[in-house]
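As a plain string of letters, each chain reads:
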Amino acid sequence: LRGGARRPLLAAVQQPLGEEEGVGEWIPTAPVQLVVTDLDGTLLCRNHSVGAATEAAIQATLARDIPFVVATGKSRAGAVNSVGAALGAQLITGPGSTGGVFLQGLLTYGPGGELLRELSLSASLVERTLGFAAGLPSVTVIAYQRDDLLCEVEDKYTLALAGYKEPRPRPVGDLRKALLSDGATVTSKLLLYSSVEEINRIRPLLEAELAGEGEETYELTQALPEMLEVLPAGGNKGAGVLHLLEHLGVAPEAVMGMGDGENDIEMLQQVGTGVAMANARSKLKAVATHVMGLTNEDGGAAAALRSLAVPES
């Protein structure tokens, strides 16, 4: 189930970009005034870091006074860990940063780190999701409370999450008690982590389980095939990005967005130029205005920045 209105897709025709650096004579109908990007599978390489060519393209973008914004399913701390301390301060946490969208749009920060918007799961959605997962021994549940990650016990999935440079999940034993007891911190989202086959199997079952919530809506999304996320209604990157753009006074039509996953769909639907990496899921390519001929590993984000946002003069 989805919550929140969407803007209509601004350009229905996809234009593939070439596989070589600099290929692509596409000229935006309006100057790109801001760039917003996903991290894993888009800006980051396979080792979950920013490559030298990509960082150079980011700096060239900033040098032209085009703000550069991160929109990710990661926690804010995980995003900083991923791009590195120096770039993280420049883009995310420092006084000159433009802002950012984290936890799939549940947390939106403005310039200088001002918190603009926060959404969290209801106790009912938390309880029903945990009840569903209790019967699935092969599924690990990780709860996000902003930058604090909680799990029942440490296992291969909680350890694997650290490979994505997220804060290490903290074992708390009884997760239900930790999340639902009086005075507990609100839960931003729940992440179900297992094999791709198991996640594919349980997704429709979880949808059926949560459909019993009556009028309460929610979001399910997947940044990666082995992860399934339960979010409150309106919890998507597109909503978070629109909130930030409104605060900044930037028209969505003047924004270039880049992504690769299902969780980037709403974001690319909202902006004037939506760029999907070559490795993007087919659902995202279907709504993108441009599909790169390069993957994230081959520098697709850097090529997009050079070809679209900061073309050679």
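Rules used throughout
Residues numbered from 1 in each chain as written. Predicted model: local features only at pLDDT ≥ 70, side-chain atom pairs only at ≥ 80, totals over all residues. Heavy atoms only, no water. Helix = DSSP H or I, 4+ residues; strand = E, 2+ residues; numbered from the N terminus. Buried < 20%, exposed > 50% of the residue type's maximum accessible area, 1.4 Å probe, protein only. Contact = heavy atoms within 4.5 Å. Areas by Shrake-Rupley, 256 points an atom, 1.4 Å probe, with all protein chains shown as cover. Salt bridge = Lys/Arg side-chain N within 4 Å of Asp/Glu carboxyl O. Expected span 1.5 Å × (residues − 1). Arc of directions from axis to C-beta. Phe/Tyr/Trp six-rings, centres within 6.5 Å; stacked < 30°, edge-to-face > 60°. Pairing = 2+ DSSP bridges. Axes fitted to C-alpha atoms, helices over the stretch in contact; angles between N-to-C directions. Core = buried A, V, L, I, M, F, W, Y, C linked by side-chain atoms within 4.5 Å.

A. Seen up close, the overall build of the protein chain. For the protein chain, the helix and strand inventory stands at 12 helices and 15 strands. Expressed as a percentage of its 313 residues, the buried residues of the protein chain come to 55%. When contacts within the protein chain are restricted to residue pairs at least 6 apart in sequence, those whose partners lie at least 24 apart make up 64%. For the protein chain, the exposed area adds up to about 12700 Å²; of that, 52% sits on carbon and sulfur atoms.

B. Structural view of the environment of Leu119. When you line up the elements, Leu119 lands in the loop between β6 (115-118) and α5 (123-133). Separated by 116 residues in sequence, Leu119 and Gly235 place their C-alpha atoms 7.0 Å apart. Sequence-distant contacts of Leu119, that is, excluding residues within four places in its chain, are made with Leu106, Ser188, Pro232, Ala233, Gly234 and Gly235.

C. Seen up close, the pattern of salt bridges. This structure, assessed with the given rule, holds 14 salt bridges. For the salt bridge of Arg146 with Glu118, the shortest nitrogen-to-oxygen distance reads 2.7 Å. Residue Arg146 is located in the loop between β7 (140-145) and β8 (148-151), and its partner Glu118 is located in strand β6; the two are separated by 28 residues in the primary sequence. By relative accessible area, which is 33% here, Glu118 ends up partly exposed. Arg201 serves as the salt-bridge partner of Glu198, at 2.9 Å between the closest nitrogen and oxygen. Of this pair, Glu198 and Arg201 both sit in helix α8 (residues 196-210), 3 residues apart, which is roughly one turn of that helix.

D. Spotlight on helix α2 (residues 52-63). Taking 1.5 Å of rise per residue, 12 residues should cover 16 Å, and α2 covers 16 Å from first to last C-alpha, within 8% of that figure. Within α2 the residues assigned to the buried category are Thr54, Ala57, Ile58 and Thr61. For α2, the buried positions fall inside an angular range of 100° around the axis, keeping them on one side. What points out from α2, more than 90 degrees from its buried face, is the exposed set Ala52 and Ala63.

E. Representation of the packing of aromatic side chains in the model. By the definition in use, this model includes 2 aromatic pairs. On the numbers, 5.9 Å between centres and 65° between planes, the contact of Phe102 with Tyr109 is edge-to-face. Centre to centre, the rings of Tyr157 and Tyr193 are 4.9 Å apart; their planes meet at 40°, and the pair counts as tilted. With a gap of 36 residues between them, Tyr157 in helix α6 (residues 156-162) and Tyr193 in strand β10 (residues 189-193) connect regions that are remote in the sequence. For the pair Tyr157 and Tyr193, a shared accessibility class is recorded, and that class is buried.

F. Highlighting the sheet that holds strand β12 (residues 227-232). Judged by pairing direction, the sheet is mixed, and its 6 strands sit side by side in the order β9-β8-β7-β10-β12-β11 without closing on themselves. The sheet is open, and its two borders are formed by β9 (170-171) and β11 (218-221), each paired with just one other strand. Of the pairings in the sheet, the one linking β7 to β10 comprises 5 bridges and is antiparallel in character. Directly across from Tyr144, in β10, lies its bridge partner Lys189. Where α5 meets the sheet, its contacts fall on β7, β10, β11 and β12, and the angle it forms with β10 comes to roughly 10°. Packed on one face of the sheet, α8 meets β10, β11 and β12 and runs near 175° to β11.

G. Molecular detail of the pairing of β10. Counting buried positions along β10 yields 5 of 5 residues, so the element is predominantly enclosed. With burial as the criterion, each face of β10 is covered, one bearing Lys189, Leu191 and Tyr193 and the other bearing Leu190 and Leu192. Looking at chain direction, β10 and β12 are connected through 4 bridges and run antiparallel. Each residue of the ladder has a partner; that of Leu192, found in β12, is Leu228.

H. The arrangement of the nonpolar core in detail. One finds Val35, Ile58, Ile92, Leu161, Met258 and Leu305 to be the most contacted residues of the largest nonpolar core, which totals 44 residues. Counting residues per element, this core draws most heavily on helix α12 (residues 300-309), which supplies 5 residues. Once residues lying within four places of it in the same chain are set aside, the contact partners of Leu161 are Ile142, Tyr144, Leu149, Glu166, Pro169, Leu191, Tyr193 and Met227. Counting residues in each nonpolar core, the second largest holds 23 residues, with Val126, Leu130, Ala143 and Leu179 among its members.

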